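Architecture at a glance
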Amino acid sequence: MDTSTFQKISRKLCKYFHYHRVGGYDPQTGLAWACRNKSGFMFHIVVETGWPAYEHAYTQVTKFQEGYACVRGNSGLWCCHIRPDGFPAYTNRFLNVGLFFEGLADASDDRGYFHIKTDGTPAYESRFNRVGHFCYGLAQAKDKTGHFHIKPDGTPAYALRGLSNGPFNEQGVAWTDMLKRVKEKQIIVRVWINARGEIVS
């Protein structure tokens, strides 16, 4: 279902089922998020029928991705993931969680940022100042040494460190901002690196 088609369907769902908003359609599960009013609780609906997919409601939810959606609890934190039946996917709770990409989701606890598996267990023991989602086998990460990319086991993919960086793309490269000395001055330059941290352009 393309974006234009879903927008038309979502307007009909709002009209006939009295939803305030419907969005975030996931073709894998056939579910989309919905809410009854502007400041009301959110839940997921079966787009084909328009009916709620489960009886629960949450402060806020995201779309489903790879079979799981993030939920914001009463504490205001994005604390866990739910399954399509609306029940939590695991018993652990976190300070923050993101969507699943390539089987892992970013999360944070009182020790820092890391990634978790679908059962809510950490993918590795390391903690970072920040992490991104996995894209083509690597994820962005930051610690006191700078910005770099990590493997699914939490180990650095290479030794190079930058000031900031982006995710890897389908060409197998990612941008990284670095300091370069030019005529007694330090300037920020953007380079492209491969998965081994080698500058390719």
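The text that follows walks through the structure, step by step, so that each part is easy to find. (Residues numbered from 1 in each chain as written. Predicted model: local features only at pLDDT ≥ 70, side-chain atom pairs only at ≥ 80, totals over all residues. Heavy atoms only, no water.)

1. Brief notes about the overall build of the protein
- Along the backbone of the protein there are one helix and 15 strands.
- Across the 201 residues in the protein, those meeting the buried criterion constitute 45%.
- Expressed as a percentage of contacts within the protein between residues at least 6 apart in sequence, the contacts between residues at least 24 apart total 25%.
- When the accessible surface of the protein is totalled, it reaches about 11,300 Å², and 53% of it is carbon and sulfur.
- Taken together, the 25 basic and 18 acidic charged side chains of the protein have centroids lying 8 Å from each other. (Helix = DSSP H or I, 4+ residues; strand = E, 2+ residues; numbered from the N terminus. Buried < 20%, exposed > 50% of the residue type's maximum accessible area, 1.4 Å probe, protein only. Contact = heavy atoms within 4.5 Å. Areas by Shrake-Rupley, 256 points an atom, 1.4 Å probe, with all protein chains shown as cover. Lys, Arg positive; Asp, Glu negative; His and termini not counted. Charge placed at Lys NZ, Arg CZ, Asp CG, Glu CD.)

2. Quick word on the sheet that holds strand β3 (residues 42-46)
- Strand order in the open sheet formed by three strands is β1-β2-β3, with antiparallel pairing between adjacent strands. If you trace the sheet from one side to the other, it starts and ends with β1 (21-26) and β3, each paired once. Going from strand to strand, the sheet's axes swing by 30° on average, the running direction of each strand aside.
- Bridge count for strand β2 (residues 31-35) against β3 is five bridges, and the pairing is antiparallel. Bridge assignment links alanine 32 to a residue of β3, and that residue is isoleucine 45.
- Here helix α1 (residues 3-17) sits on the sheet and contacts β1, β2 and β3; the angle it forms with β1, its principal contact strand, is near 140°. (Pairing = 2+ DSSP bridges. Axes fitted to C-alpha atoms, helices over the stretch in contact; angles between N-to-C directions.)

3. Digging into the sheet that holds strand β7 (residues 96-101)
- Strand order in this open sheet of three strands is β7-β8-β9, and the pairing throughout is antiparallel. Where the open sheet ends on each side, the last strands, each with one partner, are β7 and β9 (112-116). Taken over all neighbouring pairs, the strand axes of this sheet differ in orientation by 20° on average, direction set aside.
- Pairing of strand β8 (residues 104-109) with β9, which is carried by five bridges, proceeds in the antiparallel orientation. Residue aspartate 109 lies in a different strand from β9, and its bridge partner there is glycine 112.

4. Concerning the nonpolar core
- If you look at the biggest cluster of nonpolar residues, it comprises 56 residues, and the most contacted ones within it are Tyr19, Val22, Val97, Ile116 and Ile150.
- Residue contributions to this core peak at five residues, all from β2.
- Those residues in contact with valine 22, other than ones at most four positions away along the chain, are Phe6, Ser10, Leu13, Cys14, Ala32, Trp33, Ala34 and Ile45. (Core = buried A, V, L, I, M, F, W, Y, C linked by side-chain atoms within 4.5 Å.)

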